Each structure stands twice: as C-alpha cells, then as structure tokens.
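Now for the letters of each chain:
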Amino acid sequence: GRYRNILLLLLGLLPLGVQAVEGYSQLTQDQIDTVTRISRSALVGSKNKAVRLTFHDCVGGCNGCLNVNNPDNKGLEGLVADIETVYQENNFSEIISRADLWALLGIWSINQTIIANNEDCDTCEEVPDLEVTFKWGRKDCATAPYSDDDVGLPAATFDHAELMEFFSDEFDFNDREVTALMGVHTLGAAKIFNSGFHGTWISGGANGTSGAVFFNNQYFINMASLNWNLAQRLCTSLSDVDSDLCSNGETTGWQWNVAGLGFNLNADMSLFKDFDTDSDGKPSCTYSTCPPAPTTTVVEEFAASNTVWIQEFSKVYTKMLAHGSHELQDVN
C-alpha cells in the first residue's frame, strides 16, 4: 500500500502527479488529471460506450463490475478490458476504485462530446457545459471488474409505464428525470448481433453531422418532429452488416426508423407516444395514430432548448452516478 507507493515514486515508476494514498483516504485534482490523461487512450472511438458503461454499472449500484456474459452488456466487453489494462499497468488500484474511474471517464466522455458538438456547430444552438462534479468513494465488488450477477437491466421493448416503473424502483427517478436521462441516446448506436436491434439513434443532425459523437438535444428534436416508421428490418438489408453472418430470415426487433436520420426503440418512443406492446414487442399503434404519452410535453421542452435539457440531465446523471454509495467525497 503506502510504502509500496513511496518506493514506486522514488523509482519513478508511479505516474507523475499520482501521490501515495492508503485506502483512498484522499484524491487530489492532480491525481484526477493524471488518471484521466492516461486512461483516455482506452476510449478512442468509444466515448459513447464509456457513457453506456456508467449506466450498466450503476444499475444495482455503481460498483465497477460488469457481467460481460450477459447479452444486455454485449459490446462493452472490449472497453472494460481496455480500461482494465490501463488500470493494472499504471497501478491505479492504489489511487482510485474502478467504479470511480468508470464514473470519471463517463463524465469526461460527455464533456468531450459537448466540446466536439460546439466546435462543429455553425448555426445550431450550442450546448452548455455539463454541470456534473466528479466525486469519489464508490466501492468495487470483490471480483471487479467482472461479475456473474445479472442486475436486471431495462428492456428495449418497455412501454411508458414499464420504463417509468423500472427507473422509479431502481433509482427513485421521476418521469422528468427519466426523460432527461434517456437523451443520452444521442450518443448511442445498436447492433443487431449485440442487442437484436440495429441503427444509430441520431444518424444525422445539425450541419449534416453524423450521430454517436455529438452530445446535444437532437434525440428529442427528432422524436418530436420526424415521421417515424415502425418496422422489423431484415438483417440482410442492413448496409453496414456482413450479410453472411445473418441467419435465414433474421430481422431486428420492432423498432422506429427514419431513413438516414435515426432510429428509436420502443422504450425511447414511449416518452412521446402512448402504446402497448404484444408478446413480440410490436406496438399497438403507429406514430401517427398513437396518442401522446404522459411525458410528451417534457420531450417537446427538451427539444426546444439544449440549456433546459443539459440542466436536467446534469442533475439526474449526478444522481445516477451516486447510486449505491452512501457518502461520496469531494476531490481535494
């Protein structure tokens, strides 16, 4: 512990700025800066996955552990392994828990995608800074970073009532908080061989931008303004999929699509439209025939203002990152 760190410091083997601590009794801004600078190499092309990882980690309590054998976590196994390599090679176990590191990298990734959005934005509304302050003190599970536990992630097929019930039971979120948090899908993409669904939530945005790289309210704008088509997409028709990998007649689950602009899951669209689903996940109505959902006006409010949405998102993301921790500490 402490004496090993002192020796490493004397030998020059501990990263610059990382000071000897024992039992995470303190964490300084210099340490945070160093850990972030070194760890971000694991996030090249994976900032959206880093944000996704924070949610999957925090269901059941943020504990730096993921069951990579659970199909709901498919697509995250490579990122977890890459972060773990950096964590081990730089002796970060002496400095910060994995749960804290994952939270830190999630915040950093959102901040970077806000910067990217604003640098690319000529005529669109700029996104204000994320108002999330990193705090530390999360505890890893005994087998971190891996676990055999299935924490019960929300289903893509949820309707409005099911979605709100899940987040209320798990996080004590209200409907407005759930709606704000779901806007994180502005960075997301789904792959048929991972989840059974396929598409990028925001395929095109302001100034002709492509999705999954810019953090903004385009998710809400699209949901409230486009003419969405409900369909199951044939695997062999997906342009970015090797059709040789498709099984005979394989399709996506029921999903909402607008060619060239994006897709939504039922759980997304349930924020704006009220519907039931059958045993196959098919909604009971179309975009034009479904009545408004109880949160339709919240979607419209977020669609109208990046500022309003970021303020609400910052609060609920902070709350999510504290899930399962009794007392988080400020960075010195």
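Reading guide: rules and limits
Residues numbered from 1 in each chain as written. Predicted model: local features only at pLDDT ≥ 70, side-chain atom pairs only at ≥ 80, totals over all residues. Heavy atoms only, no water. Helix = DSSP H or I, 4+ residues; strand = E, 2+ residues; numbered from the N terminus. Rg over C-alpha atoms; globule rule 2.2 N^0.38 Å. Buried < 20%, exposed > 50% of the residue type's maximum accessible area, 1.4 Å probe, protein only. Contact = heavy atoms within 4.5 Å. Areas by Shrake-Rupley, 256 points an atom, 1.4 Å probe, with all protein chains shown as cover. Lys, Arg positive; Asp, Glu negative; His and termini not counted. Charge placed at Lys NZ, Arg CZ, Asp CG, Glu CD. Polar contact = N/O pair within 3.5 Å; in protein donor to acceptor, adjacent residues only side chain to side chain. Disulfide = S-S within 2.5 Å. Axes fitted to C-alpha atoms, helices over the stretch in contact; angles between N-to-C directions. Left-handed = near helix turned anticlockwise from the far one by under 90°. Nonpolar A, V, L, I, M, F, W, Y, C, P; charged D, E, K, R; others polar. Core = buried A, V, L, I, M, F, W, Y, C linked by side-chain atoms within 4.5 Å. Pairing = 2+ DSSP bridges.

### Here's the deal with the overall build of the chain
Reasoning step 1: The helix and strand inventory of the chain stands at twelve helices and seven strands.
Reasoning step 2: Radius of gyration (C-alpha) of the chain: 21 Å, near the 20 Å computed for a compact globule of 332 residues.
Reasoning step 3: Taking all 332 residues of the chain together, 52% fall into the buried category.
Reasoning step 4: Restricting the contact set of the chain to residue pairs at least 6 apart, pairs at least 24 apart contribute 71%.
Reasoning step 5: Accessible area of the chain: about 14,900 Å², with a carbon and sulfur share of 48%.
Reasoning step 6: Side-chain charges of the chain comprise 19 positive and 44 negative groups, with the mean position of each set lying 5 Å from the other.

### Some details on the side chain of Gln 255
Reasoning step 1: Along the chain, Gln 255 falls in strand S5 (residues 255-258).
Reasoning step 2: Gln 255 gets classed as buried once you look at its relative accessible area, which sits at 0%.
Reasoning step 3: A distance of 2.8 Å separates a polar atom in the side chain of Gln 255 from the backbone oxygen of His 198.
Reasoning step 4: Here the side chain of Gln 255 touches Asn 257 through a polar contact of 2.7 Å, side chain to side chain.
Reasoning step 5: The residues touching Gln 255, leaving out its near neighbours within four places in the chain, are Phe 197, His 198, Asn 229, Leu 230, Ala 231, Arg 233, Phe 263 and Asn 264.

### Focus: the environment of Glu 125
Reasoning step 1: With respect to the element layout, Glu 125 can be found in the loop between helix H5 (98-120) and strand S1 (135-136).
Reasoning step 2: Here Glu 125 falls in the partly exposed class, since its relative accessible area comes to 36%.
Reasoning step 3: Apart from residues lying up to four places away in sequence, Glu 125 is in contact with Asn 117, Ala 304, Ser 305, Asn 306 and Thr 307.

### Side note on the state of the cysteines
Reasoning step 1: Summed over all chains, the structure comprises five disulfides.
Reasoning step 2: Covalently, Cys 58 is tied to Cys 62 through a disulfide, its sulfur atoms 2.0 Å apart. Looking along the S-S bond of the Cys 58-Cys 62 disulfide, the torsion reads about 115 degrees, which is the right-handed sense.
Reasoning step 3: Put simply, Cys 121 and Cys 124 are joined by a disulfide, and their sulfur atoms are 1.9 Å apart.
Reasoning step 4: Classification of Cys 124 as partly exposed rests on a relative accessible area of 23%.

### Overview of the packing of helix H4 (residues 77-89) against H5
Reasoning step 1: Here H4 crosses H5 at 115 degrees, and the two axes come no closer than 12 Å. Pair H4 / H5 crosses with right-handed handedness. Touching Val 80, Ile 83, Glu 84, Tyr 87 and Gln 88 of H4 are Arg 98, Leu 101, Trp 102 and Leu 105, all from H5.
Reasoning step 2: For the contact of H4 with H5, the class distribution of residues is six nonpolar, one polar and two charged.

### Brief notes about the nonpolar core
Reasoning step 1: One finds Ile 96 and Tyr 317 to be the most contacted residues of the largest nonpolar core, which totals 84 residues.
Reasoning step 2: Tallying contributions element by element places H5 first for this core, with nine residues.
Reasoning step 3: With five residues, the next largest nonpolar core counts Cys 235, Leu 238, Val 241 and Cys 246 among its residues.

### With respect to the sheet that holds strand S4 (residues 229-231)
For sheets, the rule is that strands pair by backbone hydrogen bonds, running either parallel or antiparallel.
Reasoning step 1: Strand order across the open sheet formed by three strands is S4-S5-S6, with antiparallel pairing between neighbours. The sheet is open, and its two borders are formed by S4 and strand S6 (262-264), each paired with just one other strand. Each strand of the sheet is rotated relative to its neighbour by a mean of 35 degrees, with strand direction disregarded.
Reasoning step 2: Summarising the sheet, S4 and S5 pair through three bridges and their orientation is antiparallel. What sits directly across from Ala 231, in S5, is Gln 255.

### Examining the side chain of Thr 179
Reasoning step 1: For Thr 179, the location among the structural elements is in helix H7 (residues 175-182).
Reasoning step 2: According to the relative accessible area criterion, Thr 179 is buried, its value standing at 0%.
Reasoning step 3: Excluding residues that lie within four positions of it along the chain, Thr 179 makes contacts with Met 164, Phe 220, Leu 271, Thr 295, Val 298, Val 299 and Phe 302.

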